[in-house]
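Remarks on the overall topology
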Amino acid sequence: MGRSMPVGAGERLWEELVRTAQLASPEELSTVLRRYTEAMGVGRAVVYLVDIQQRFLVPLVDGEPILELDASLAGWAYRTESLRVEESSAGGLAVWLPLADGAERLGVLELSMESLDGLKLWRCRTLALFLALIITSKRTYSDTFAQRMRTRVMQLHTEMVRAFLPPRSIGTGRVVSTAVVEPAYELGGDAFDHSFTEDVLHATILDGMGHDLASGLATSVAMAGCRNARRTGAELTELADTVDQALAKWLPDQFCTGIFTQLHLPTGVLRWCNCGHPPPLLIRRHRLLQKALERPPEPPLGLPASLAGTSRQVYDVNLEPGDRILLYSDGVVESRNEQGEEFGLERFTDYVIRSTAAGQGAPEVLRLLIHAILEHRRNELTDDATILMIEWQPPEP
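Residues numbered from 1 in each chain as written. Predicted model: local features only at pLDDT ≥ 70, side-chain atom pairs only at ≥ 80, totals over all residues. Heavy atoms only, no water.

Per an unreviewed UniProt entry, the recorded name for the chain is PP2C family protein-serine/threonine phosphatase, and the organism is Streptantibioticus ferralitis.

Here it is in structure tokens:
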């Protein structure tokens, strides 16, 4: 048997960082982090979080500048999810590392140091991975992160719906599911959801009728019904029926449209149930397959199938590696500029295809796309615009 390796000063410092960071409040996290980085010779550290519209990188502590995501090296590190190094104005180096928890991009970490070698680089990367996990954990129960990530006051009905939203992006080695939603601070009844159970990705998009507290409440009930049924192992027809019954019982005057999907990761079989919503889109080899997932329309959620005179239908299709599925609300394509021109389905899909062909990752494709939709309307949307994209990319045999 081989002898165990003795614990060195670096390991003891790392253990202290892990222990103290877990117990630290968000306000104390920067102090804990600085103590570690100075001891390990990787300089001063500053954590930047991305705002909810993914336009700015906001420092976790006061006294540091807010950085534009599209006009800074820090933003480049975030957008490309890669290391960036530059000479700092005070001399030495500024090292920017992305902070990401799996597919979810959180922000960037800035480290200032005199020089960079292989060992320091390893420590920097490991620190960034650890910090992403700490931030993901602490933001579930600390409003500090939510405050930092907002640039203005959020409407009450938006606060309610956003409380139900999962992280923007989730993923494994086989699939990425990512979503965006606008208007960020005046969201009405749009919502999305995605989650894993064993080897299945579940993804949902919902669009509540109206643009007020009542529509947000309907969407929230639909989301809760969806998750409740999903966590009991319900099939898609049962899941849709659960949402139908919940809305019909508790909010009989409210309706919402939606799509519920299940993707079996080992085989790429996609199953879906469309409840009065625009049909999903399939992009394959940089081309939109026209009407590939279009099926006969069904009534919105909130009208039980027994009353509608129909039963919910579930459809399936076999995906190919690299396929991208788009779920979207009508506010995406129906958004009009001052001349009355719609953003349109063709422009929508063409933007995704061109961005993908340019090598953009799925989360970055949607970030750029939702900004293009906002610019089309001069940042004043009259209807919610939500997009969820699934990319199935299984590993090579």
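There's plenty left to go through after this.
The amide bond that connects Glu 182 to the next residue, Pro 183, takes the cis arrangement and shows omega of 0°. Assignment of secondary structure puts Pro 183 in the loop between strand 8 (175-182) and strand 9 (190-197). Positive phi, close to 55°, is recorded for Gln 54, a residue that is not glycine. Within the secondary structure layout, Gln 54 lies in the loop between strand 1 (44-50) and strand 2 (56-59). (Helix = DSSP H or I, 4+ residues; strand = E, 2+ residues; numbered from the N terminus.)

Let us look at the packing of helix 1 (residues 9-23) against helix 2 (residues 26-40). Running from amino to carboxyl end, helix 1 crosses helix 2 at an angle of 175°, the nearest separation of the two axes being 9 Å. With respect to helix 2, the element helix 1 is oriented roughly antiparallel. Of the residues in helix 2, those touching helix 1 at Gly 10, Leu 13, Trp 14, Glu 16, Leu 17, Thr 20, Ala 21 and Leu 23 are Glu 28, Leu 29, Val 32, Arg 35, Tyr 36, Ala 39 and Met 40. (Axes fitted to C-alpha atoms, helices over the stretch in contact; angles between N-to-C directions. Parallel < 35°, antiparallel > 145°, perpendicular 65-115°, else oblique. Contact = heavy atoms within 4.5 Å.)

This part takes up helix 11 (residues 345-357). For helix 11, which comprises 13 residues, the first-to-last C-alpha distance of 18 Å matches the rise-based estimate of 18 Å (1.5 Å per residue) to within 8%. Listed as buried for helix 11 are Phe 348, Thr 349, Val 352, Ile 353, Ser 355 and Thr 356. In this fold, the buried residues of helix 11 make contact with strand 13 (281-284), strand 14 (287-288), strand 16 (324-328), helix 10 (330-333), helix 12 (362-376) and strand 17 (385-392). Gly 359 sits one or two residues past helix 11 and shows a positive phi near 95°. (Expected span 1.5 Å × (residues − 1). Buried < 20%, exposed > 50% of the residue type's maximum accessible area, 1.4 Å probe, protein only.)

What follows concerns the pattern of salt bridges. A full pass over the atoms with the stated rule returns 20 salt bridges. In this structure, the salt-bridge partner of Glu 342 is Arg 336, at a minimum N-O distance of 3.1 Å. For Glu 342, a relative accessible area of 32% puts it in the partly exposed group. The partner of Arg 354 in a salt bridge is Asp 350, with the nearest N and O atoms 2.8 Å apart. (Salt bridge = Lys/Arg side-chain N within 4 Å of Asp/Glu carboxyl O.)

Now for the sheet that holds strand 17. Within the open sheet, the six strands sit side by side as 7-8-17-16-13-14. Their pairing is antiparallel. This sheet does not close on itself; its edge strands, each paired only once, are strand 7 (169-171) and strand 14. Sheet topology places strand 16 next to strand 17; five bridges connect them, and they run antiparallel. In the strand pairing of strand 17, Leu 326 is matched with Met 389. Those strands touched by helix 11 are strand 13, strand 14, strand 16 and strand 17, and its axis lies near 35° from that of strand 13. (Pairing = 2+ DSSP bridges.)

Before going further, it helps to spend a moment on the sheet that holds strand 4 (residues 84-87). Within a sheet, neighbouring strands are paired by backbone hydrogen bonds and run either parallel or antiparallel to one another. With respect to topology, six strands assemble into an open sheet ordered 3-2-1-6-5-4, the strand pairing being antiparallel. This sheet does not close on itself; its edge strands, each paired only once, are strand 3 (67-68) and strand 4. In terms of strand pairing, strand 1 meets strand 2 through three bridges, oriented antiparallel. Within strand 2, the position partnered with Leu 49 by the bridge is Val 58.

Okay, the packing of aromatic side chains next. Within this structure, the stated rule accounts for five aromatic pairs. Relative to Tyr 36, the ring of Trp 14 lies with its centre 5.7 Å away and its plane at 65°, an arrangement referred to as edge-to-face. Of this pair, Trp 14 sits in helix 1 while Tyr 36 sits in helix 2, placing them 22 residues apart in sequence. Residue class for Tyr 36 comes out buried when judged on its relative accessible area of 6%. (Phe/Tyr/Trp six-rings, centres within 6.5 Å; stacked < 30°, edge-to-face > 60°.)

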